[in-house]
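For reference, the chains in residue letters:
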Amino acid sequence: MTSKDTVPFGATAGSHRKQNAAPRRWRAAAMVSAALLMLGVSGLAVRAADPIKVGILLSLSGNFAENGQQTLTGLKMYFDKVGNTAGGRPLQLIVEDTQSRPDTAVTKARKLVQSDGVSVLTGIVSSGEALAVNAYSRDSKTPLVLSGDAGVDELTMPGPLQNPYMVRITQNGRSVASAAAEWAYKKGWRKVVTIGSDYAGGIDTNFSFAQAFCKFGGKVIQAEWPPVGSADFGPYLTNLDRSADAVVVFEPGADGLRLARQYSEFGLKDKLPIMDIYAGMVFESNLPQLGDATVGMYSSLFYTPMLKSPENQAFVAEFQKRMHALPNNEGPNGYVGAHAIVDAIDALHGDISDKMKFMAALRAIKFDSPKGPISLDKYGQVIQTQYIRQVQMVDGKPSNVPIASYPNVDQFWPFTLAELQSFKYGYKESKDSLTDCTHLLAKK
Amino acid sequence: MTWVIHILNGVAFGMLLFLLAAGLSLIYGLMKILNLTHGSFYLVGGYIGLTVMQVTGSFVLALIAAVLAVALLGAVIERFFLRRFHLDELPQTLVTFGFLFIFSDLSLWIWGGNPLMLNVPHIFQGSLPMGYYAYPYYRLFLIAVGLLVAGGLWWFQERTRLGTMLRAGVDDAEIARALGINVSLLFTLVFAVGAGLAALAGVLAGPVLSLYPGADFEVLIFAFVVVVIGGLGSLRGALAGALLVGILDDFGKAFFPQFALFTVFVPMAVILVMRPTGLFGRQ
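The model shown is predicted, which means the values in this text are computed figures rather than measured ones. (Residues numbered from 1 in each chain as written. Chains lettered and ligands numbered in written order. Predicted model: local features only at pLDDT ≥ 70, side-chain atom pairs only at ≥ 80, totals over all residues.)

Caption draft 1: Summary view of the packing of helix α1 (residues 2–31) of chain B against helix α9 (residues 215–230) of chain B. All names here are of chain B. Orientation of α1 relative to α9, taken along the N-to-C sense of each, is 70°, at an axis distance of 9 Å. When the interaxial angle is binned, α1 and α9 end up roughly perpendicular. Of the residues in α9, those touching α1 at Leu17, Leu20, Ala21, Leu24 and Ser25 are Val219, Phe222, Ala223, Val226, Val227 and Gly230. Tallied by class, residues from the contact of α1 with α9 come to 9 nonpolar, 2 polar and no charged. (Axes fitted to C-alpha atoms, helices over the stretch in contact; angles between N-to-C directions. Helix = DSSP H or I, 4+ residues; strand = E, 2+ residues; numbered from the N terminus. Parallel < 35°, antiparallel > 145°, perpendicular 65-115°, else oblique. Contact = placed C-beta atoms within 7 Å. Nonpolar A, V, L, I, M, F, W, Y, C, P; charged D, E, K, R; others polar.)

Caption draft 2: Fine view of the interface of chain A and chain B. Counting residues at the interface gives 28 residues for chain A and 30 residues for chain B. When contributions to the side of chain A that touches chain B are tallied by element, the ones reaching two or more residues are α3 (65–81), α8 (234–237) and α9 (254–265) of chain A. With 5 residues, the top contributor of residues to the side of chain A that touches chain B is α9 of chain A. Among the residues forming the side of chain A that touches chain B, the class breakdown is 10 nonpolar, 11 polar and 7 charged.

Caption draft 3: Quick look at the environment of Leu326 of chain A. All names here are of chain A. Along the chain, Leu326 falls in the loop between α10 (310–323) and α11 (330–347). In this structure, the C-alpha to C-alpha distance between Leu326 and Thr304, residues 22 residues apart in sequence, is 9.6 Å. In this structure, Leu326 is in contact with Glu284, Pro305, Val316 and Gln320, ignoring residues within four places of it in sequence.

Caption draft 4: Region of the structure containing unusual backbone geometry. All names here are of chain A. Of note, the bond from Trp413 into Pro414 is cis; its omega dihedral lies within 30 degrees of zero at 5°. Topologically, Pro414 is positioned in the loop between β15 (397–409) and α13 (417–422). The phi dihedral of Asn408 is positive, around 50°, even though this residue is not glycine. For Asn408, the position within the fold is in strand β15.

Caption draft 5: Broad picture of the sheet that holds strand β5 (residues 144–146) of chain A. Residue and element names in this part refer to chain A. Read across the open sheet, the 6 strands follow the order β2-β3-β1-β4-β5-β6; overall the sheet is mixed. In the strand order of this sheet, the two ends are held by β2 (85–86) and β6 (166–168), each with one partner. Of the pairings in the sheet, the one linking strand β4 (residues 120–123) to β5 comprises 3 bridges and is parallel in character. Each bridged residue has a counterpart across the sheet, and for Thr122 the counterpart in β5 is Val145. Contacts from helix α4 (residues 102–115) reach β1 (52–58), β3 (89–97) and β4 within the one sheet, and its direction differs from that of β1 by about 170°. (Pairing = 2+ DSSP bridges.)

Caption draft 6: Quick look at the pairing of strand β13 (residues 372–376) of chain A. Residue and element names in this part refer to chain A. Pairing between strand β12 (residues 366–369) and β13: 4 bridges, direction antiparallel. Each residue of the ladder has a partner; that of Ser369, found in β13, is Gly372. In this structure, the hairpin formed by β12 and β13 is closed by a connection of 2 residues. In the sheet, β13 pairs with strand β14 (residues 382–394) via 2 bridges, with the strands oriented antiparallel. What sits directly across from Leu376, in β14, is Val382. Connecting β13 to the antiparallel partner β14 that follows it, the hairpin turn spans 5 residues, and Gly380 within it adopts a positive phi of roughly 90°.

Caption draft 7: Spotlight on helix α10 (residues 235–255) of chain B. Compared with the 30 Å implied by 1.5 Å per residue over 21 residues, the 30 Å span of α10 of chain B between its first and last C-alpha is a close match. Most of α10 of chain B sits out of view: 16 of its 21 residues are buried. (Expected span 1.5 Å × (residues − 1). Buried ≥ 20, exposed ≤ 12 C-beta atoms within 10 Å, placed from the backbone.)

Caption draft 8: Broad picture of the confidence of the model for chain B. When the pLDDT values of chain B are averaged, the result is 89; 99% of them are 70 or greater. Quick note on the complex model: pTM equals 0.83, ipTM equals 0.83. (pLDDT = per-residue confidence, 0-100.)

See below:
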């Protein structure tokens, strides 16, 4: 490993600096004059020797530890690939564990910026942490490249959360749900049942699906909301409206794993097809545990390790070497995040002192990634390909094989920003009205 | 037919809860320790079972290994840590709380953060067709195991010499000691048995509920609800409470889905108001 990693506990730099105040003033004066002198001689040359510090905020303990670890692997893979340099300057990564908690995330962000002097923050798994750190980034004018899962739609939409110092290269809830809706309608499904994890992310995702599905001409006929951590989906499965064409699901984490097995155990797998938004049921690490219980299930996501592009095949090979497992969406997200940071620094030849220029360079990135082609819209949200996958047996192993793709999906599709802003109700007012298309498409 | 499935489902879930709560209740009944490490016993037991099953492929071996290992772990914790705070409830609870966190981090470190599921043992794979639906054989097996353990525990308590000593210890530890019963050894034994029961629940629940960081805290809450409803320290209470919670939870979620989060807690609140000591608890 070439980079100098500071692992979670190592916050010692700040405490050293506090000792002997008297010589410090002298040293500071000397340094300032020296710096001024050299700046006059050759500004760029000096800065080229300085490392650029990148602060990585990830959940490495707590509920989202696995997500954090996978994202970190992706980030490091790309930084290692470019030899931990960008724009002619060495990159120094400083990793902090947010413990999956928003308050800790902000404390660690502040530590990274004020005491370690990082130039850019990246990572962040949960939406709660993203909202908190986003506010800090805006207030402190610190560039933030979201490279973790956090998918709250509003973060990158014009509105109170908008932050000129933030870009998100990962995902947002609506796009994945919309791809599922479009494909479901084309497949011929008209009436579906939705099952959504009962928290903001689940309601938002299934709301986005229902809204898009209504626009295309379909309809949700029943919406079930099992609480997060549902031990048993039996009561929900036996209550399904059987006149439906299919069941559309958003159930991340252990809930998805349980539902995947129970769905087939209760004899429903061959009767009602499944569309799994975000692939919580057919998550990469779930597949080998479930035997053939998932074969035939559909899912929508912006990635699958089965993509045949050279970028992805190289990525998967290297990822497997490091993690001994197939990547899900997080590894590629981290990898793309690091790629974006490196490209933006390269574009400015290492001089990222002007933050607005740096943000502009970030917004201008464009490259091919394991996920497919990547670019950003003017609000800083990624434009990327959405895939519909189906679990099929490949070499004797259940795998998420891509069966359809939607290139260049932006965060508003299938609506426009103006249309979205004209809707009367958001997801918060719609949990009990998912079956009512007039409600979902009502204008202000 | 759906009614039958709902009832079977509730009972199967109830049996898992019973295995969990029985140990918790047993320990509290005798030692007055509110054992928060119980959640860890469940999770660590499940994980050990998972590893043994991956290595040997045998579900029976997985059950035996997990129960023995965790029972031993329980005995060590009782002997070397809890013993120091005998009858001092707050420090005891804090010690068990500390262990809960330690085991939580240790298992995250060893088994990682992805949810893991045990395979259903071969003979119980597949489902019983029931009208439009089907019902997994494994859950029928769970019901049978729950009944068997309940019967076994009852027999142990009511019909064996050790059980008599145990009941004497629950009634009045000091007098029991005066009568020559080795209450100290009994404590260790009961703590180990309680831990083993939790591990049994962990392995048995593995193929249904899966194992993941945080499951220890989740099942702990369920176990508490059950013993609060049934009455702390009573085996009959644990069984009744577990079945009640299991069935109410299933029917609540099926017929009043908007209250899904409270299906378990509403009965608890109601029973606490009507009978603060629980259904079978002593006044």
